[in-house]
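Listed below, chain by chain, are the residues.
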Amino acid sequence: IRIALTKGRLESKTIDMLERLGYDCTNARKKGRKLIMPIGNGEIEVVLAKAADVVTYVESGVCDMGVVGKDTIMEKGGTFYEVADLGFGSMALTKRSLYCFHNLTIASKYVNVAKNFFEQKSMDVDIVKIEGSVELAPVLGLADAIVDIVETGTTLKENGLVVAEDVCPVSARLIVNI
């Protein structure tokens, strides 16, 4: 079985889960710069990838399953089965701003999610795609608000931002190819 994992927090939490299930994940813990490694007795192979690529690898069939955030599923979509909410990585997409009468500019990595959210509220907004630290956009005056994932809120607080509204809950999901 080949499992594609999103690098970073979801990677670490998934490896923790596999260890709790009894798999030896030493290779994954001491991976260095390796992107593919066996775990257990070699019956499972872990592939580390960026979130959007996890979906692509599962859809194409080169990986049997993947662990990816609901945010990526909502943004990218795809043809796969979402078989389980793994219950970790619990986060919320949020925005910062008071509703006002002028046309808002929203910065986000999640352009489609932001667009759908504001369309459901019948709000006409301009959306600016930011790949890195989205929190910079309102601080620098590029945007009035952001739509981003918040886990603890520390980065928001440290940059003078607050959560004004939850867009939706987001957690890690197990996906499998069709």
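### Describing the packing of aromatic side chains
Applying the stated criterion across every chain, the model contains one aromatic pair. Here phenylalanine 117 and phenylalanine 118 contribute two aromatic rings whose centre-to-centre distance is 5.0 Å and whose plane-to-plane angle is 80°, an arrangement assigned as edge-to-face. Exposure remark for phenylalanine 117: the relative accessible area of 8% places this residue in the buried category. We classify phenylalanine 118 as buried; its relative accessible area is 1%.

### Structural notes on the side chain of serine 108
By the secondary structure assignment, serine 108 is in strand β7 (residues 104–108). Residue classification places serine 108 among the buried residues on the basis of a relative accessible area of 0%. A distance of 2.8 Å separates the side chain of serine 108 from the backbone nitrogen of tyrosine 110, its partner in a polar contact. Every residue in contact with serine 108, bar those within four places of it in the chain, is listed here: Ala114, Val128, Lys129, Ile130, Val134 and Val147.

### Concerning the pairing of strand β11 (residues 172–177)
Extensive coverage of β11 is indicated by the burial of five of its six residues. Summarising the sheet, strand β4 (residues 65–69) and β11 pair through five bridges and their orientation is antiparallel. Paired with valine 68 across the strands is arginine 173, a residue of β11. Note that strand β5 (residues 80–85) and β11 share five bridges and pair antiparallel. Its bridge partner lying in β11, glutamate 82 is registered against isoleucine 175.

### Describing helix α3 (residues 51–60)
When we look at burial in α3, the residues that qualify are Ala51, Val54, Val55 and Val58. Within α3, the buried residues cover an arc of 95° as seen down the axis, which keeps them to one side. The positive-phi residue at the C-terminal boundary of α3 is glycine 61, with phi of around 90°.

### Remarks on the sheet that holds strand β1 (residues 2–6)
Two pairing modes exist for strands in a sheet, parallel and antiparallel, and in both the strands are linked by backbone hydrogen bonds. The mixed open sheet is built from six strands, whose spatial order is β2-β3-β1-β4-β11-β5. At either margin of the open sheet sits one strand with a lone partner, and together these are β2 (36–39) and β5. Strand after strand, the sheet turns through a mean of 30° between neighbouring axes, direction not considered. Sitting on the sheet, helix α1 (residues 9–20) touches β1, β2, β3 (44–49), β4 and β11, and the angle it makes with β1 is about 135°.

Calculation notes
- Residues numbered from 1 in each chain as written.
- Predicted model: local features only at pLDDT ≥ 70, side-chain atom pairs only at ≥ 80, totals over all residues.
- Heavy atoms only, no water.
- Phe/Tyr/Trp six-rings, centres within 6.5 Å; stacked < 30°, edge-to-face > 60°.
- Buried < 20%, exposed > 50% of the residue type's maximum accessible area, 1.4 Å probe, protein only.
- Helix = DSSP H or I, 4+ residues; strand = E, 2+ residues; numbered from the N terminus.
- Polar contact = N/O pair within 3.5 Å; in protein donor to acceptor, adjacent residues only side chain to side chain.
- Contact = heavy atoms within 4.5 Å.
- Pairing = 2+ DSSP bridges.
- Arc of directions from axis to C-beta.
- Axes fitted to C-alpha atoms, helices over the stretch in contact; angles between N-to-C directions.

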